[in-house]
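Here is how the chains run, residue by residue.
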Amino acid sequence: MTVRTWSRRRTWVHAEGTVTSVKTKRQSSGNTQTTVRYQYLDSSGQQRSGTDTPWFREPKRNSRIAVMYDPDRPEISEASSMTWLYLMLLFSLVLFVGGVILIVSGLGT
């Protein structure tokens, strides 16, 4: 998923979108799922809309969000907030470095 997202970030067009609705639905498992609907203008000035399921944050209605869309098919889009991905990458890097330090210090004794 990360590779696909990075690939899209390089080739898809970035735009600013506006959240038009936020709906949270409780599933039979007890978990909740939030769906965000947004609108954005493509490069030709045509208004488009899309939906996405945010991972961590739940934006408010009428708030601005970053959107990216396929330039060949501008009706295909997704919210492009990558904050969660960068945080997970940083956390993984810290764990990796900590593990290497533990292994190296264990080899020295």
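Here goes a summary of the coordinates provided. Each chain has its residues counted from 1, following the order in which its sequence is written. Thresholds applied to this predicted model are a pLDDT of at least 70 for local features of residues and 80 or more for the giving and counting of side-chain atom pairs; totals over whole chains, interfaces and linings are not thresholded and use all residues. Water and hydrogen atoms play no part in the side-chain values, which are based on all heavy atoms of the structure.

**Considerations on the overall build of the chain**
Consideration 1: Counting from the N terminus, the helices are DSSP H or I runs at least four residues long and the strands are E runs at least two residues long. Regarding its fold elements, the chain presents two helices and five strands.
Consideration 2: Each helix (α) and strand (β) of the chain, taken in turn from the N terminus, gives the series α-β-β-β-β-β-α.
Consideration 3: We call a residue buried when its accessible area falls under 20% of the maximum for its residue type, exposed when it is over 50%, and partly exposed in between, using a 1.4 Å probe and counting protein chains only. For the chain, the proportion of its 109 residues judged to be buried stands at 23%.
Consideration 4: Put simply, 53% of the contacts in the chain that link residues at least 6 apart link residues at least 24 apart.
Consideration 5: Looking at the chain as shown, the accessible area adds up to about 8000 Å², and 57% of this sits on carbon and sulfur atoms. Contacts were defined at the residue level, with two residues in contact if any of their heavy atoms lie within 4.5 Å. Using a 1.4 Å probe, accessible areas were evaluated by the Shrake-Rupley method; residue-level cover was limited to the displayed protein chains.

**Things to note about the pairing of strand 2 (residues 32–41)**
Every regular strand shows the same layout, with side chains that alternate between the two sheet faces.
Consideration 1: Inspection of the sheet shows strand 1 (residues 13–26) paired to strand 2 by nine bridges, in the antiparallel sense. If you follow K25 over to strand 2, its bridge partner there is Q33.
Consideration 2: Any two strands with at least two DSSP bridges between them are considered paired. Where strand 2 meets strand 3 (residues 47–52), six bridges bridge the pair, whose relative direction is antiparallel. Of the residues in strand 3, the one forming a bridge with Y38 is G50.
Consideration 3: The antiparallel hairpin formed by strand 2 and strand 3 contains five residues in its connecting segment, where G45 sits at a positive phi of about 90°.

**Description of unusual backbone geometry**
Consideration 1: Backbone geometry places N62, a non-glycine residue, at a positive phi of 70°.
Consideration 2: Turning to its location among the elements, N62 is positioned in the loop between strand 3 and strand 4 (64–69).
Consideration 3: Overall, the relative accessible area of 54% leaves N62 in the exposed class.

**Focus: a nonpolar patch on the surface**
Consideration 1: Patches in this entry comprise residues that are over 30% relatively accessible and not in a salt bridge; like charges within 9 Å are linked, as are nonpolar side chains (Val, Leu, Ile, Met, Phe, Trp, Tyr) within 5 Å. Here, a salt bridge means any Lys or Arg side-chain nitrogen found within 4 Å of an Asp or Glu carboxyl oxygen. A contiguous nonpolar surface patch, about 750 Å² in accessible area, is contributed by L90, L93, V94, F96, V97, V100, I101 and V104.
Consideration 2: In this fold, V94 is placed in helix 2 (residues 83–107).
Consideration 3: Classification of V94 as exposed rests on a relative accessible area of 53%.

**Considering the pattern of salt bridges**
Consideration 1: Under the counting rule described, the total for this entry stands at three salt bridges.
Consideration 2: With its nearest N and O atoms 3.5 Å apart, the salt bridge here joins E16 to R64. Here E16 is found in strand 1, whereas its partner R64 is found in strand 4, with 48 residues between them in sequence.
Consideration 3: Since its relative accessible area comes to 55%, E16 is described here as exposed.
Consideration 4: With a relative accessible area of 53%, R64 lands in the exposed category.
Consideration 5: R48 serves as the salt-bridge partner of D42, at 2.9 Å between the closest nitrogen and oxygen.

**A look at the nonpolar core**
Consideration 1: As used here, the term nonpolar core means buried Ala, Val, Leu, Ile, Met, Phe, Trp, Tyr and Cys residues forming a set that is joined through side-chain atoms within 4.5 Å. Counting residues in hydrophobic clusters, the biggest one holds eight residues: A15, V19, V36, Y38, Y40, I65, V67 and Y69.
Consideration 2: For this core, the elements supplying multiple residues, two or more each, are strand 1, strand 2 and strand 4.

Read these as spatial facts, not as claims about activity.
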